[in-house]
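# Structural features, examined
For reference, the chains in residue letters:
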Amino acid sequence: GIQVEQSPPDLILQEGANSTLRCNFSDSVNNLQWFHQNPWGQLINLFYIPSGTKQNGRLSATTVATERYSLLYISSSQTTDSGVYFCAVSFGNEKLTFGTGTRLTIIP
Amino acid sequence: DVKVTQSSRYLVKRTGEKVFLECVQDMDHENMFWYRQDPGLGLRLIYFSYDVKMKEKGDIPEGYSVSREKKERFSLILESASTNQTSMYLCASTTGTAGAFFGQGTRLTVV
């Protein structure tokens, strides 16, 4: 099956800093999503981005499908950005395969 | 907005009980999934369904079954709960073209 690797596993930043999270995947996909898991455990959709670039406020994401990676950018980090960020991929109707996540901690 | 609702946020059950976890989505999505999440093991797929009355085993189906009698509802059943099924359970639905949407999760403790 598809393998998904996320880096870094942990990231600690000062409030106001920018960050880049990376997701590498091992095979062709036509679905790639970024999620933020909130403190109560719910997975919140950030982006559905099988290719190209999208922006939503301080967050943006880019997927280069031909090179099998995606990047999530967070600018001007806030403490509410803390949590675990997951990348998940699939092809066709196949199951979503998740990476192991990046735990982001923003220090005031 | 897509809404996926799981029946319980927190649940405590006794070993050997039959447990039902319910998931309802309101966007007419064909595909629905049940995952469990455990520290150090990430999210693992238990079962999924592409349509009413259809089901497919995921990576860890042992000890679980599912039911999808109506398109909007996907139920996960623990036939005889055991302590190693203590976990966070997450339900999702998707069309396959707009990504997956998750419910709020159910933290199940089996004592």
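Here, every reference points to the structure presented above.
Everything quoted here is computed from the prediction, not taken from an experiment.

## As for the state of the cysteines
Using the criterion set out here, one finds two disulfides over all chains in the structure. One disulfide in the model links Cys-23 of chain A with Cys-87 of chain A; its S-S distance is 2.0 Å. Taking the sign of the torsion about the S-S bond as the criterion, the disulfide between Cys-23 of chain A and Cys-87 of chain A, at about -55 degrees, is left-handed. Within this pair, whereas Cys-23 of chain A is found in strand β3 (residues 19-25), its partner Cys-87 of chain A is found in strand β9 (residues 83-90), the two being separated by 64 residues in sequence. Per residue, the accessibility class of Cys-23 of chain A equals that of Cys-87 of chain A, and both read buried. Between the sulfur atoms of Cys-23 of chain B and its disulfide mate Cys-91 of chain B the distance is 1.9 Å.

## Focus: the nonpolar core
Within the largest apolar cluster, 21 residues are counted, with the highest numbers of intra-cluster contacts made by Phe-25, Leu-32, Trp-34, Leu-72, Cys-87, Val-89 and Leu-104 of chain A. Every element with two or more residues in this core is listed here: β2 (10-14), β3, β4 (31-37), β7 (59-64), β8 (69-74), β9 and β11 (102-107) of chain A. Beyond its immediate stretch of four places on either side in the chain, Cys-87 of chain A contacts Val-4, Gln-6, Cys-23, Leu-32, Gln-33, Trp-34, Thr-97, Phe-98 and Gly-99 of chain A. Membership of the second largest hydrophobic core comes to 20 residues, among which are Val-4, Ile-46, Ile-60 and Phe-74 of chain B.

## Some remarks on the interface of chain B and chain A
Contact residues are listed per partner, giving 21 residues for chain B and 16 residues for chain A. Here chain B packs against chain A, burying approximately 1600 Å² in sum over the two surfaces, 49% of which is carbon and sulfur. The salt bridge involving Asp-59 of chain B is made with Lys-95 of chain A; its shortest N-O contact spans 2.6 Å. On the surface where chain B and chain A come into contact, there are six residue pairs in polar contact (both at pLDDT 80 or more). Those elements that provide at least two residues to the side of chain B that touches chain A are β4 (31-38), β5 (42-49), β9 (87-94) and β10 (100-102) of chain B.

## A look at the packing of aromatic side chains
On inspection of all chains with the given rule, the structure shows ten aromatic pairs over all chains. The interplanar angle of 65 degrees and the centroid separation of 5.2 Å between the aromatic rings of Phe-48 of chain B and Tyr-50 of chain B together place this pair among those described as edge-to-face. We classify Phe-48 of chain B as buried; its relative accessible area is 7%. A connected cluster of aromatic rings, assembled from ring pairs, spans Phe-35, Phe-86 and Phe-98 of chain A together with Phe-33, Tyr-35, Phe-48, Tyr-50 and Phe-102 of chain B. If you follow Arg-22 of chain A out to its NZ or CZ, it ends over the ring of Tyr-69 of chain A, 4.3 Å from the centre.

Analysis parameters
- Residues numbered from 1 in each chain as written.
- Chains lettered and ligands numbered in written order.
- Predicted model: local features only at pLDDT ≥ 70, side-chain atom pairs only at ≥ 80, totals over all residues.
- Heavy atoms only, no water.
- Disulfide = S-S within 2.5 Å.
- Helix = DSSP H or I, 4+ residues; strand = E, 2+ residues; numbered from the N terminus.
- Buried < 20%, exposed > 50% of the residue type's maximum accessible area, 1.4 Å probe, protein only.
- Core = buried A, V, L, I, M, F, W, Y, C linked by side-chain atoms within 4.5 Å.
- Contact = heavy atoms within 4.5 Å.
- Buried area = accessible area lost by both parts, 1.4 Å probe.
- Salt bridge = Lys/Arg side-chain N within 4 Å of Asp/Glu carboxyl O.
- Polar contact = N/O pair within 3.5 Å; in protein donor to acceptor, adjacent residues only side chain to side chain.
- Phe/Tyr/Trp six-rings, centres within 6.5 Å; stacked < 30°, edge-to-face > 60°.
- Lys NZ or Arg CZ within 6 Å of the ring centre and 35° of its normal.

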